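An overview of the molecular structure
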Amino acid sequence: MVESRSGYLLDLFTPQDPVHLFSRLLSALRSKVETKRLFGHVVHLFEAASEQSFFINTTLLEEIIRPLADPVADAESARNRVVQKYPIFIYLGQSIKLVNISVERLDGVPAGVAHLLEAVQALNATVTSTTVLSNNTSTNTNADGAGVLPLSLSLPEDTDMPDAVALAAVLLDYAVAYVPSREHVNVLAGIPLDFYECVLKLRDPGAPRQPEGEEIAFAKFSCPSEMQGAGVNGKLLPEDIVAWLTELFGSRLRREGHQDILKVEVIHTIQVLDHVTF
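Residues numbered from 1 in each chain as written. Predicted model: local features only at pLDDT ≥ 70, side-chain atom pairs only at ≥ 80, totals over all residues. Heavy atoms only, no water.

1. Section: the confidence of the model for the protein
In this model, the protein carries an average pLDDT of 78, and 75% of its residues clear a pLDDT of 70 or more. In this model residues 101-105 is a low-confidence stretch, pLDDT under 50, and it forms ten contacts with partners more than four residues away in sequence or in other chains. This model gives residues 141-147 a pLDDT under 50, and the stretch forms nine contacts once residues within four places in sequence are excluded. (pLDDT = per-residue confidence, 0-100. Contact = heavy atoms within 4.5 Å.)

The following block contains the structure:
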């Protein structure tokens, strides 16, 4: 699934020095012939405040963020990616509302999120880029010493919690990114929430239309049901979000030639929770 997800959250354990450990791991994976293609565009991102580590595929992440910054997709780009402008940012304050995003630039996106998105675009602009988010960065180098894609990026230690929450949603390919408020907590409790769960299913190679075997849930997020129909062209309707997620992951599987082996199903449910925290 390295070529199917923009980002992964490692939440099973927290090593003592994640930047050093995961930089060494990625360096080894990039140097091996068998894994170089898969991990050449993968970077470790460390968020110190919550001690969270993400592995991000910078190429796939750029496909998500480019439409946010550039509303006009050229014909070639349109053939190679889903061009709808997700994620949609929702501010959770005294009231729940959309964050206004300019159609011309990353305006209205939380500052910490926009900073990372711009850095990712800069990284992909050239393989010799050394653009970083902070001084705490590890990089690979070519034989001649030229910098290449960093092994690790570290968010500033003073990254605000709302920025970190919204950023995680972008990295994990969520169609909705919450921007929580420190002053108004648990605002999602007691109200209907649309939940979207993405499930990877194994097909029988002898019968590609018949999924069988194990199912792996790899992403799950929510959106307030009251927001259905909100956004540009009503993009928060459940059918639109399900269609976008199905095409997003389906197109990535097709790109890697896995469409006859794997399929993605998006399950939509409505739930009311007593307590929701970030």
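2. A closer look at the nonpolar core
Phe89, Ile90, Ile241 and Leu245 are the most contacted members of the largest nonpolar core, which totals 57 residues. When residues no more than four places from it in sequence are discounted, the contact partners of Leu245 are Asp173, Tyr196, Cys198, Phe221 and Val266. Counting seven residues, the second largest nonpolar core, distinct from the first, contains Leu26, Val42, Phe55 and Leu151. (Core = buried A, V, L, I, M, F, W, Y, C linked by side-chain atoms within 4.5 Å. Buried < 20%, exposed > 50% of the residue type's maximum accessible area, 1.4 Å probe, protein only.)

3. Details of the pattern of salt bridges
Following the criterion strictly, the structure yields eight salt bridges and no others. Here Arg182 and Asp160 are joined by a salt bridge, their closest N and O atoms 2.9 Å apart. Remark: Asp160 occurs in the loop between β7 (147-154) and α6 (161-171) and Arg182 occurs in the loop between β8 (176-180) and β9 (192-204); sequence separation between them is 22 residues. We note a salt bridge from Lys201 to Glu265, for which the minimum N-O separation is 2.7 Å. Within this pair, whereas Lys201 is found in strand β9, its partner Glu265 is found in strand β11 (residues 262-272), the two being separated by 64 residues in sequence. Judged by relative accessible area, Glu265 falls into the partly exposed class, the value being 29%. One network of salt bridges, with partners in common, ties together Arg5, Asp173 and Arg252. (Salt bridge = Lys/Arg side-chain N within 4 Å of Asp/Glu carboxyl O. Helix = DSSP H or I, 4+ residues; strand = E, 2+ residues; numbered from the N terminus.)

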